[in-house]
Amino acid sequence: MLLDITGSDLIRACSAIGAGLAVIAGIGPGVGQGIAAGHGASAVGRNPGAQGQIMSTMLLGQAVAETTGLYGLVVALLLLFVHPLD
Amino acid sequence: MNSAILLSADNIDFMIHELIPVNFFGTTVYITNSHICIAIVMLVILGFGVVAHIKLKHAKEIPHGFQNVVELIVELLGKMVSGTMGKWAPRFVNYISTIFVFILMSNISGIFGLRPPTADYGTTLALAIITFMMIRVNKAKHQSAKEIWTNVCSPLPPWLPIWAPINIISEIAVPISLSLRLFANVLSGTVIMALVYGLLHFIALAWPAVLHVYFDLFSGAIQTYVFCMLTMTYVTQACTSENDA
C-alpha cells in the first residue's frame, strides 16, 4: 500500500525537508565572505606591506559573518536529530 | 539512536553519550563523554603548567629550549591582549590567556580522537556567560547610571525610551551569539568528520588528515581567536566611559 504513512513518518519527512531548507542560510555567509575576501585582496594590492594585519582583520570579519550560516546549520541539526513528538 | 534519519549506517557517532549516572539532589544527571574530554584537556593544560612552573624556577637570562616555548606563548598572548585592550590589558590578560589556551586545546582535541568539549553547548554557554557577567560588572563599575541609561536609549534622547527594548534584546543576544558561534563551528567540524569516518570508512585512508587540519586546526584556531577578540572588544567597550575619552 502506497499511502501507509503514520503521523511520525510524516513529521520525520517534513523535518528532513525543513533541514534541507534551513541550510540554504549558507548562501548569505558565502556572499559576505566572498565580498570580504575580495576587498581584502584589493587592500593587499594597494598596500602589500600591511598584509598580515589585513589578513587577520579579514579572517575575523569572515568568522563573524559565518555565524548566520551556522545558525541555519544548528536549526538543520535540531530538525534532524531532535524528535520531541516521536 | 533509532529516531535519526541520517543514521541508517550504525557507525556514525557524534552524539554526547551518558556514561555514569550521578544522583544530584534527587535528580539523576550523567557524567557524559564531554565531561571526560574536558577533564583530559584540563589535565594536559595543568600538566603543561606544572612543568613550566618547575622549569622556570631556574630560568636563565638567555632562554633555551622549553623556556623559549613558554616565553613565546606568553609574549604572543600578551601582545594580542594589549593590542586590543590598550590600558586595560594588565587586568584582563590572565583571564583572556586562560580561555584562549583552554578553547584552543579543546578545539584541536578532535585531532586526538576526543569529542571536542566545545562541541557541547554547555561548555560554550558557560564561557559566554562569564563574558556577559564581565561586561555587566565592568559597565556598572566604570560607567555612571545616567550614562548606561543614555546608552540603552541610544539613538533617541534619554527621556524617550522607545528604543530601549531593542537595545536590551541586542545586549542579551551577545552571550547567545558568542556561544552559538563557537559551538556550531566546532560541532559542524565534528559532524563532518563523523560522517567521513562513518560513511566512507572503507576509503577513509590518510586523506581525512586534510579535513582534520582544516576543521580542527584552522577553524578551531580562528574561532578561538574570534571568541577572545570579541570578549576583549566587549569588555573594553564596557570599561571605557565617555567621560575619560
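Residues numbered from 1 in each chain as written. Chains lettered and ligands numbered in written order. Predicted model: local features only at pLDDT ≥ 70, side-chain atom pairs only at ≥ 80, totals over all residues. Heavy atoms only, no water.

Trainee: Help me understand the packing of aromatic side chains, please; the structure alone is not making it clear to me.
Mentor: All names here are of chain B. By the definition in use, this model includes five aromatic pairs over all chains. With a centroid separation of 5.3 Å and 65 degrees between ring planes, the pair formed by Tyr-121 and Phe-183 is classed as edge-to-face. Of this pair, Tyr-121 sits in helix H4 (residues 121-142) while Phe-183 sits in helix H6 (residues 164-199), and the two are 62 residues apart along the sequence. By relative accessible area, which is 28% here, Tyr-121 ends up partly exposed. For Phe-183, a relative accessible area of 12% corresponds to the buried category. One aromatic cluster is present, built from ring pairs that chain together Tyr-214, Phe-215 and Phe-218. (Phe/Tyr/Trp six-rings, centres within 6.5 Å; stacked < 30°, edge-to-face > 60°. Helix = DSSP H or I, 4+ residues; strand = E, 2+ residues; numbered from the N terminus. Buried < 20%, exposed > 50% of the residue type's maximum accessible area, 1.4 Å probe, protein only.)

Trainee: What am I meant to see in the interface of chain B and chain A here?
Mentor: For interface size, the figure often reported is the accessible area lost on association. Counting residues at the interface gives 23 residues for chain B and 18 residues for chain A. Roughly 1,700 Å² is buried in total at the junction of chain B and chain A, and carbon and sulfur atoms are behind 79% of that figure. Counting across the interface, chain B meets chain A through zero salt bridges. The interface formed by chain B and chain A includes one residue pair in polar contact (both at pLDDT 80 or more). If one sorts the elements of the side of chain B that touches chain A by residue count, H6(B) sits on top with nine residues. When the residues that make up the side of chain B that touches chain A are grouped by side-chain class, the tally is 17 nonpolar, five polar and one charged. (Contact = heavy atoms within 4.5 Å. Buried area = accessible area lost by both parts, 1.4 Å probe. Salt bridge = Lys/Arg side-chain N within 4 Å of Asp/Glu carboxyl O. Polar contact = N/O pair within 3.5 Å; in protein donor to acceptor, adjacent residues only side chain to side chain. Nonpolar A, V, L, I, M, F, W, Y, C, P; charged D, E, K, R; others polar.)

Trainee: Got a minute to help me understand the nonpolar core in this structure?
Mentor: Within soluble globular proteins, side chains that are nonpolar generally end up buried alongside one another. If you look at the biggest cluster of nonpolar residues, it comprises 49 residues, and the most contacted ones within it are Met85(B) and Phe92(B). Residue assignment for this core shows that the elements contributing at least two residues are helix H1 (7-22) and helix H3 (51-81) of chain A together with helix H2 (66-85), helix H3 (89-108), H4, H6 and helix H7 (208-239) of chain B. Excluding its chain neighbours within four sequence positions, the residues that come into contact with Met85(B) are Phe92(B), Met232(B), Val235(B) and Thr236(B). (Core = buried A, V, L, I, M, F, W, Y, C linked by side-chain atoms within 4.5 Å.)

Trainee: How should unusual backbone geometry be read in this particular structure?
Mentor: Peptide bonds are mostly trans, and most non-glycine residues show a negative phi. Residues and elements named next belong to chain B. Within the chain, Phe-25 stands out as a residue other than glycine whose phi angle is a positive 50 degrees. Phi angles above zero are rare outside glycine, and Ala-206 is one such case at about 70 degrees. Within the fold, Ala-206 resides in the loop between H6 and H7. Given a relative accessible area of 70%, Ala-206 falls into the exposed group.

Trainee: Explain the UniProt feature "transmembrane region" (unreviewed entry) in chain A to me, please; I cannot follow it from the model alone.
Mentor: In the numbering used here, UniProt assigns the feature "transmembrane region" (unreviewed entry) to residues 63-82 of chain A. The annotated region residues 63-82 of chain A carries 95% helix and 0% strand content, and the separation between its end C-alpha atoms amounts to 27 Å. (UniProt positions renumbered as here; feature names shortened; annotations may be inferred.)

Trainee: Could you clarify how one ought to interpret the UniProt feature "transmembrane region" (unreviewed entry) in chain B in this entry?
Mentor: Residues and elements named next belong to chain B. Taking the UniProt record as the reference, the feature "transmembrane region" (unreviewed entry) is found at residues 29-52, 92-112, 118-137, 182-207 and 213-235. Across residues 92-112, helical content stands at 81% and strand content at 0%; the span's end C-alpha atoms are separated by 31 Å. The straight-line gap between the two end C-alpha atoms of residues 182-207 is 26 Å; of that span, 69% is helix and 0% is strand.

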